[in-house]
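Listed here are the chains, written in short residue letters.
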Amino acid sequence: MDLTLKIWRQKDKNSAGQLVTYPLNGISPDMSFLEMLDVLNEELLVKGEEPVAFDHDCREGICGMCSLFINGRAHGPERGTTTCQLHMRHFKHGDTITIEPWRAAAFPVHKDLIVDRSAFDRIQQAGGYVSVNTGGVPDANEIPIPKTIADKAFDAATCIGCGACVAACKNASAMLFVSAKVSQLAMLPQGKVEAKTRVENMVAQMDVEGFGACSNTGACAAECPVGISLDNIAMMNREYLGAKASSENV
Amino acid sequence: MNWFTKTFSSTIGRKIIMSVTGLFLCSFLVVHLVGNLTLFYRDGGEAFNIYSHFMANNPVIRTMEIVLVLGFLFHIYDAIVLTRRNKAARPVGYAENHPQENSTWSSRNMGLLGTIILVFLLVHLWNFFVPARFGELEGVPNAEYTNLYAEVVKAFKNPIYVGLYVISMIALAYHLIHGFQSAFQSLGLTHKKYTPFIKTFGVAFSVLISLGFALIPLYFFFFVNL
């Protein structure tokens, strides 16, 4: 299939960028979206042009590295997939495909389609962990956890931190990401010890990074490649209010 | 800043304020609509005038009036602060974006809908509240109350007002359809047992309240002749 690509090209953080049009012919519908970009980059290299920079790593939907706002949707038109899991069979011969980086003040563009997502790392470092003692390995299942709670915590833990929630949100809000991280630990006994300080610090860091507020549009959950639920946001708000009302941090 | 102001100036804190004031304003809508139903009573406005006289003079109502104004002010102020923050969170937009694939129009345009409601509110206060409280309304013979009902009849003979009121109530319906259930979500009041009911109730509430208000100008325009 033959395609026309409109790709955001930006030299570095401080340069202005623009959409550049590239014709690309002979793409197989069996290729993944990233393989299609590999083909384009090969062609650009042969022509002596700078290849398009984009993030990718595992290419099987578990690492959260690939991003891309494709034809007006985070990770492209299919629900519940990352860009590496998106295949060219979802496009038609002759299509024009617009490819842009995630857009958020907290995710500055590094180069072309690569954005700096270290804001997520700093939010995690503010409290997205549990403190454990070193020493002997504890017995598995020593602490009983009801199946329903374990399942919910696991669902929240499937967040791969790709940032599609921020990209899709009209407010560039990170609430779905932060709430998944907060809820995952708040539900489990190991996480309860630091629960109050955790939610206070992670929300404070989220605000410092310059993400927007939640308008409950649900765009984040709809575009999330792993299906993180809005219930996590409600749970984080509960946790936050409770912590603010009762924590020792004045 | 102490912990209290820090809490309520965070993004979540401000959403909490939006939710609490929003639900409070919903309760006002119920009271206001129930009172206004006296307009449909075919007694030449006697019941409505007695009701409005009570609302203007009862000390409890006058106190709640101040709380109501504060509710509006906090709701509007926080909406402005949040909207500015949200705009700043995405300084460069997308060249191509299809948000209709992942969210409803009303959920993305609460600010626009709210602005329409605010404009309506100012016109509405000018139509009825200002003359009732500060103006010289004509009295009703042999009664201690004034004739606000005559103002209602007069205003709703004007098709521009009728149109504005009806359009504003459509905006109100869409504002509430998203806002009512969204308030519970922001407050963290979700549960799989109750949330489906809250969502259904929210839609029914929004439509019924807005329809009730919209029927008043239409009723006077088409059916009341003095």
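Residues numbered from 1 in each chain as written. Chains lettered and ligands numbered in written order. Predicted model: local features only at pLDDT ≥ 70, side-chain atom pairs only at ≥ 80, totals over all residues.

For chain B, an unreviewed UniProt entry supplies the name Succinate dehydrogenase / fumarate reductase cytochrome b subunit and the organism Pontibacter ramchanderi.

Per an unreviewed UniProt entry, chain A carries the name Succinate dehydrogenase / fumarate reductase iron-sulfur subunit and comes from Pontibacter ramchanderi.

Within chain B, the regular secondary structure consists of 9 helices and 0 strands. For chain B, the N- to C-terminal ordering of α and β elements is α-α-α-α-α-α-α-α-α. Across its three principal directions, the C-alpha atoms of chain B cover 65 × 40 × 40 Å. For chain B, with 226 residues in total, the buried portion stands at 30%. Taking all contacts inside chain B whose residues are at least 6 apart in sequence as the whole, residues at least 24 apart take part in 75%. (Helix = DSSP H or I, 4+ residues; strand = E, 2+ residues; numbered from the N terminus. Buried ≥ 20, exposed ≤ 12 C-beta atoms within 10 Å, placed from the backbone. Contact = placed C-beta atoms within 7 Å.)

All right, on to the pairing of strand 5 (residues 96-100) of chain A then. Residue and element names in this part refer to chain A. Here strand 1 (residues 3-9) runs beside strand 5; their pairing, made up of 4 bridges, is parallel. Paired with T4 across the bridge in strand 5 is T96. Both strand 3 (residues 69-70) and strand 5 contribute to a ladder of 2 bridges, which runs antiparallel. Note on strand 5: the bridge partner recorded for I70 is I99. (Pairing = 2+ DSSP bridges.)

To continue, consider the interface of chain B and chain A. Chain B puts 35 residues into the contact, and the matching count from chain A is 40 residues. Elements with a contribution of two residues or more to the side of chain B that touches chain A: helix 1 (3-9), helix 2 (11-36), helix 4 (59-88), helix 5 (105-108) and helix 8 (159-186) of chain B. When residues in the side of chain B that touches chain A are grouped by element, the largest group, 5 residues, is from helix 2 of chain B. Here the residues of the side of chain B that touches chain A are counted per class, giving 13 nonpolar, 15 polar and 7 charged. (Nonpolar A, V, L, I, M, F, W, Y, C, P; charged D, E, K, R; others polar.)

This brings us to the domain arrangement of chain A. Residue and element names in this part refer to chain A. Its domain assignment divides chain A into domain 1 (3-110) and domain 2 (118-246). Summarising the inter-unit geometry, the C-alpha centres of domain 1 and domain 2 are found 29 Å apart. Counting residues at the interface gives 18 residues for domain 1 and 16 residues for domain 2. Considered class by class, the residues forming the side of domain 1 that touches domain 2 number 9 nonpolar, 7 polar and 2 charged. (Domains from an automatic or database assignment.)

What follows is about the UniProt feature "transmembrane region" (unreviewed entry) in chain B. All names here are of chain B. Summarizing the sequence annotation, UniProt attributes the feature "transmembrane region" (unreviewed entry) to residues 20-41, 61-80, 110-129, 160-180 and 201-224 in the numbering used throughout. Counting secondary structure, residues 160-180 comes out at 100% helix and 0% strand; the distance between its end C-alpha atoms is 29 Å. What you have in residues 201-224 is 96% helix and 0% strand, and the ends, taken at the C-alpha atoms, are 33 Å apart. (UniProt positions renumbered as here; feature names shortened; annotations may be inferred.)

With that settled, consider the nonpolar core. In this structure, A:C165, A:V166, A:L176, A:F177 and A:V178 are the most contacted members of the largest nonpolar core, which totals 78 residues. Here this core gets 8 residues from one element, more than from any other, and that element is helix 5 (residues 175-186) of chain A. The residue makeup of this core includes at least three contributed by each of domain 1 (3-110) and domain 2 (118-246) of chain A. Counting residues in each nonpolar core, the second largest holds 25 residues, with B:L39, B:V152, B:I177 and B:F213 among its members. (Core = buried A, V, L, I, M, F, W, Y, C linked by C-beta atoms within 7 Å.)

With that settled, the discussion passes to the confidence of the model for chain B. For chain B, the mean per-residue pLDDT works out to 95, and 100% of the residues sit at or above 70. Both scores are available for the predicted complex, with the pTM at 0.94 and the ipTM at 0.93. (pLDDT = per-residue confidence, 0-100.)

All names here are of chain A. Positioned with a positive phi, N71 is a non-glycine residue whose angle comes to about 50°. Topologically, N71 is positioned in the loop between strand 3 and strand 4 (73-74). For N71, a count of 18 C-beta atoms within 10 Å corresponds to the partly exposed category. The residue H75 is not glycine, and still its phi comes out positive at about 60°. On the secondary structure map, H75 appears in the loop between strand 4 and strand 5. Judged by C-beta crowding, with 27 C-beta atoms within 10 Å, H75 ranks as buried.

Moving on: the sheet that holds strand 5 of chain A. Spatially, 2-1-5-3-4 (chain A) is the arrangement adopted by the 5 strands of the open sheet, whose pairing is mixed. Of all strands in the sheet, those with a lone pairing partner are strand 2 (18-24) and strand 4 of chain A, marking the two edges.

Before going further, it helps to examine helix 6 (residues 110-134) of chain B. Residue and element names in this part refer to chain B. The largest bend along helix 6 reaches roughly 40° and is located at W126. Listing the buried residues of helix 6 in full gives M110, L113 and G114. Against the buried residues of helix 6 lie helix 4, helix 5 and helix 8. (Bend = angle between axes of the 7 residues up to and from the residue.)

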